[in-house]
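Here is how the chains run, residue by residue.
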Amino acid sequence: MAGVAEVVLGLGLIFESTRSVAAYGIILLLIAVFPANLYMYQKKNKGLPRWLLLLRLPMQLVLIGWAYLYT
């Protein structure tokens, strides 16, 4: 479900009329999934390298900032 939201919001960035709403949606989505990514780093790595899971956490802040540029 989150993947569908990501695609729809990403497509929303293309059009000027929906860009700001889509950017806020992306920001909210990134904030919403942050606890799950933190949990995955702490408990369940699913075979991914731990350094990659750690890198993903601050990367979300970068992505939030990037999305904010489109608001």
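Look up a bit, the structure's there.
Quick summary incoming for the structure in this document. (Residues numbered from 1 in each chain as written. Predicted model: local features only at pLDDT ≥ 70, side-chain atom pairs only at ≥ 80, totals over all residues. Heavy atoms only, no water.)

1. Things to note about the layout of surface pockets
The criterion, for reference: Detection works on a 1 Å grid of protein atoms alone, calling trapped sets that fit a 1.4 Å probe cavities and calling open sets with protein on both sides within 12 Å along at least five of seven lines pockets, with lining residues defined by an atom within 4 Å of a point. Grid points are joined across faces, edges and corners, and a volume is the space filled by probe spheres set on the points. The way it works is that DSSP assigns letters per residue, a run of H or I at least four long becomes a helix, a run of E at least two long becomes a strand, and they are numbered from the N terminus. Here the nonpolar group is Ala, Val, Leu, Ile, Met, Phe, Trp, Tyr, Cys and Pro; Asp, Glu, Lys and Arg are the charged ones; every other residue, Gly included, is treated as polar.
For the largest pocket, the calculated volume is near 270 Å³. Breaking the lining of the largest pocket down by element, the ones donating at least two residues are α1 (2-12), α2 (19-42) and α3 (50-68). Element by element, the count of residues in the lining of the largest pocket is highest for α2, at four residues. A breakdown of the residues in the lining of the largest pocket according to their chemical character gives 10 nonpolar, no polar and one charged.

2. What about the environment of Ala2?
We apply this condition: Three exposure classes are used, based on accessible area relative to the maximum for each residue type with a 1.4 Å probe and protein chains only: buried under 20%, partly exposed in between, and exposed over 50%.
By the element assignment, Ala2 lies in helix α1. Overall, Ala2 belongs to the partly exposed group, its relative accessible area being 36%. Separated by 31 residues in the primary sequence, Ala2 and Val33 have C-alpha atoms spaced 8.8 Å apart.

3. Considering the nonpolar core
We apply this condition: Joining through side-chain atoms within 4.5 Å is the link that ties buried Ala, Val, Leu, Ile, Met, Phe, Trp, Tyr and Cys residues into a set, and such a set is a nonpolar core. By the convention used here, residues are in contact when the closest approach between their heavy atoms is within 4.5 Å.
Core analysis: the biggest nonpolar cluster contains seven residues, these being Leu9, Ala22, Ile26, Ile27, Leu29, Leu30 and Ala67. Of all the elements, α2 adds the most residues to this core, at five residues. Dropping the residues within four chain positions of it, Ala22 is found in contact with Leu9, Gly12 and Leu13.

4. Some remarks on the environment of Leu55
Summarising the element assignment, Leu55 is placed in helix α3. Here the alpha-carbon distance between Leu55 and Asn37, two residues 18 residues apart in the chain, equals 11 Å.

5. Observations concerning α3
Going by this rule: In a helix, the anticipated span is given by 1.5 Å times the number of residues less one. One axis fitted to the seven residues ending at a residue, another fitted to the seven starting there: the angle between these axes is the bend at that residue.
In a regular helix each residue adds 1.5 Å, so 19 residues correspond to 27 Å; α3 covers 28 Å between its end C-alpha atoms and thus fits that length. Pro58 marks where α3 bends most, by close to 30°. Within the sequence span of α3, burial applies to Leu53, Leu57, Gln60 and Ala67. In the core, the buried residues of α3 are packed alongside α2.

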